[in-house]
Amino acid sequence: MPKLEGFEFWSRTLRGARHVVAPMVDQSELAWRLLSRRHGAQLCYTPMLHAQVFVRDANYRKENLYCDVCPEDRPLIVQFCANDPEVFVQAALLAQDYCDAIDLNLGCPQMIAKRGHYGAFLQEEWDLLQRMILLAHERLSVPVTCKIRVFPEIDKTVRYAQMLEKAGCQLLTVHGRTKEQKGPLSGTASWEHIKAVRKAVAIPVFANGNIQCLRDVERCIQDTGVQGVMSAEGNLHNPALFEGRSPAVWELVEEYLDIVRQHPCPLSYVRAHLFKLWHHTLQVHQQLREELAKVKTLEGIAAVSQELKLRCQEDISRQKEGEKPSGGLPFFHWICQPYFRPGPKEGSKENGGARSKRALEEEEGTTDVLSKNKQKKKLRNPHKTFDPSLKPKYAKCDQCGNPKGNRCVFNLCRGCCKKRAFKETADCPGHGLLFKTKLERSLAWKGAQPRLQEPQQAGPGEPGGFPEVVGSALA
């Protein structure tokens, strides 16, 4: 059967999907996809998989795709991150029998993508991307798709999309934010960029960004003309988003936990989902946040969730007629609803002095963005600084430049000292290396052992010797 392309692929293989669950690392696992499909999702993506690891590690393939095969979980698109055409295609060939298309991640803006040189950090390397898409288009039995972020300029974004289409991309998902728009600096996604791309290409386009409820889905399709709408954050806080419903949180939590019992996944995934679903309730009943973070079993998580349900029901029983939700929420905290990520200024007020990356940059006079880990350290100790010039100075190893041991006899770090001490059979008390001492002890021990006399060999005819050979016997 010939490979379907473009709109034919979208309408026949993907069944004209309009409601799409985004690829989310550690979050769009099989159990969550099945829950989302039960509540209106028509197409799902796997979490982003690393192509290089997928090729070399059979266990990684098994845990992330092969064991997650389920007839209900179709249509399904497998997403890879990669920066090498051959590796991308090898991974895709191993996955193509388990999905309906292969997606190349060109949208991840996180620091790990920058270090690994993939995702949105490939968006300037058009020659490489052309080769990757073209090779995949030629060799795969399923279509290749792409998920991208926009450039600040609409015309450059349009040319970027047209280049991917020309290379062989059969469906394009456009996240209407630039790679710099992330975390507290996310801002609003630009539907104008998405609309321009949709008009400029002849393949189906999905929109991603600013989707928090079904009305947003309908408005996005109407304003941009796209074939479908993808949701990530909105789906995590309300898996029934595509149904246009906002059910009680515990309704979806209990359904999700039932699915997890049938299709197990790492406990960290389950915990993360419940933190999202119960987000607003955990702002009210904060003592249960610690409990949810500590439990080590699925049943333990279910027990904390049950306690949250009971607390919510108590809140409902105490609710006064005409009472409105607190905290500026559209619904009461026990109802599934969107979470609007605060901007830098709102975040600092909401967290009682917690400052955003931008605020910390201005305060320290540096343009470097602090990592989440450093922000947490800064919150615990407001006087902590990450200025390299203020860090304590250490004497450097003469060979590799790492800090040397203060008492090293060779003025080296431990690694270099160990190599030299072994080579020269020397000691370094500063690093606790005693190669010379141990050798001397070994030789002394051997010298103290009594020598065993070697037994003398008896001659022929003597007791224990060889028998004499009779001449006639040789005749």
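Residues numbered from 1 in each chain as written. Predicted model: local features only at pLDDT ≥ 70, side-chain atom pairs only at ≥ 80, totals over all residues. Heavy atoms only, no water.

By the secondary structure assignment, A17 is in the loop between helix 1 (6–13) and strand 1 (19–21). Residue A17 is classed as buried on the basis of its relative accessible area, which comes to 0%. The spatial distance from the C-alpha of A17 to the C-alpha of Q227 is 7.8 Å, given a sequence separation of 210 residues. When neighbours within four sequence positions are excluded, A17 is seen to be in contact with W10, Q42, L43, F206, Q227 and G228. (Helix = DSSP H or I, 4+ residues; strand = E, 2+ residues; numbered from the N terminus. Buried < 20%, exposed > 50% of the residue type's maximum accessible area, 1.4 Å probe, protein only. Contact = heavy atoms within 4.5 Å.)

Bringing the packing of helix 12 (residues 249–262) against helix 16 (residues 298–318) into the picture now. Between helix 12 and helix 16, whose axes approach to 10 Å, the crossing angle comes to 165°. Here helix 16 runs roughly antiparallel to helix 12, going by the angle between their axes. Note on packing geometry: the crossing formed by helix 12 with helix 16 is left-handed. Residue-level inspection shows W250, V253, E254, L257, V260 and R261 of helix 12 in contact with helix 16, the latter providing L298, E299, A302, S305, Q306, K309, C312, Q313 and I316. Here the contact of helix 12 with helix 16 is composed, by residue class, of eight nonpolar, three polar and four charged. (Axes fitted to C-alpha atoms, helices over the stretch in contact; angles between N-to-C directions. Parallel < 35°, antiparallel > 145°, perpendicular 65-115°, else oblique. Left-handed = near helix turned anticlockwise from the far one by under 90°. Nonpolar A, V, L, I, M, F, W, Y, C, P; charged D, E, K, R; others polar.)

What follows concerns the nonpolar core. In terms of nonpolar packing, the biggest core is built from 110 residues, with F80, I102, L164, L172 and Y256 touching the most fellow members. For this core, the element with the highest residue contribution is helix 12, accounting for eight residues. (Core = buried A, V, L, I, M, F, W, Y, C linked by side-chain atoms within 4.5 Å.)

Taken as a whole, the chain shows an average pLDDT of 88; of its residues, 88% reach a score of 70 or greater. Within the model, the stretch residues 469–475 combines pLDDT values under 50 with one contact to residues more than four positions away or in other chains. (pLDDT = per-residue confidence, 0-100.)

This brings us to the packing of helix 5 (residues 85–95) against helix 7 (residues 126–139). The N-to-C vectors of helix 5 and helix 7 enclose an angle of 30°; their axes lie 9 Å apart at closest approach. Along this stretch, helix 5 crosses helix 7, giving a crossing that reads as right-handed. In this structure, helix 5 uses P85, E86, F88, V89 and L93 to contact helix 7, whose residues at the interface are L128, R131, M132, L135, A136 and R139. Here the contact of helix 5 with helix 7 is built from residues that sort into eight nonpolar, no polar and three charged.

So, about the pattern of salt bridges. Scanning the model with the defined rule gives 18 salt bridges in all. Here R261 ties to D258 by a salt bridge, and the two come within 2.9 Å at their closest N and O atoms. Remark: D258 and R261 occur in helix 12; sequence separation between them is three residues, near one turn of the helix. Residue classification places R261 among the partly exposed positions, given a relative accessible area of 38%. Judged by its relative accessible area of 41%, D258 falls in the partly exposed class. When the shortest N-O distance is used, the salt bridge between R420 and E424 registers 3.1 Å. Taken as a pair, R420 and E424 lie in helix 20 (residues 414–424) at a separation of four residues, close to a single helical turn. (Salt bridge = Lys/Arg side-chain N within 4 Å of Asp/Glu carboxyl O.)

A separate point is the environment of H431. Along the chain, H431 falls in the loop between strand 10 (427–428) and strand 11 (433–434). Residues H431 and K418, spaced 13 residues apart in sequence, show a C-alpha to C-alpha distance of 8.3 Å.

Let us look at helix 20. Regarding helix 20, the residues found buried are C416, C417 and A421. Along the axis of helix 20, the buried positions cluster into a sector of 125°, meaning they face one direction only. What points out from helix 20, more than 90 degrees from its buried face, is the exposed set K419, F422 and K423. Looking at the buried positions of helix 20, the neighbouring elements they touch are strand 10, strand 11 and helix 21 (435–448). Looking one or two residues beyond helix 20, the residue adopting positive phi is T425, at roughly 50°. (Arc of directions from axis to C-beta.)

A separate point is the packing of aromatic side chains. This model, assessed by the stated rule, comprises ten aromatic pairs. Relative to W10, the ring of F7 lies with its centre 6.3 Å away and its plane at 90°, an arrangement referred to as edge-to-face. Pair noted here: F7 and W10 are both in helix 1, with a separation of three residues, about one helical turn. Here F7 falls in the partly exposed class, since its relative accessible area comes to 31%. With a centroid separation of 6.3 Å and an interplanar angle of 80°, the aromatic rings of F54 and Y60 are classed as edge-to-face. Site record: aromatic cluster; members linked through ring pairs are F54, Y60, Y66, F80 and Y98. (Phe/Tyr/Trp six-rings, centres within 6.5 Å; stacked < 30°, edge-to-face > 60°.)

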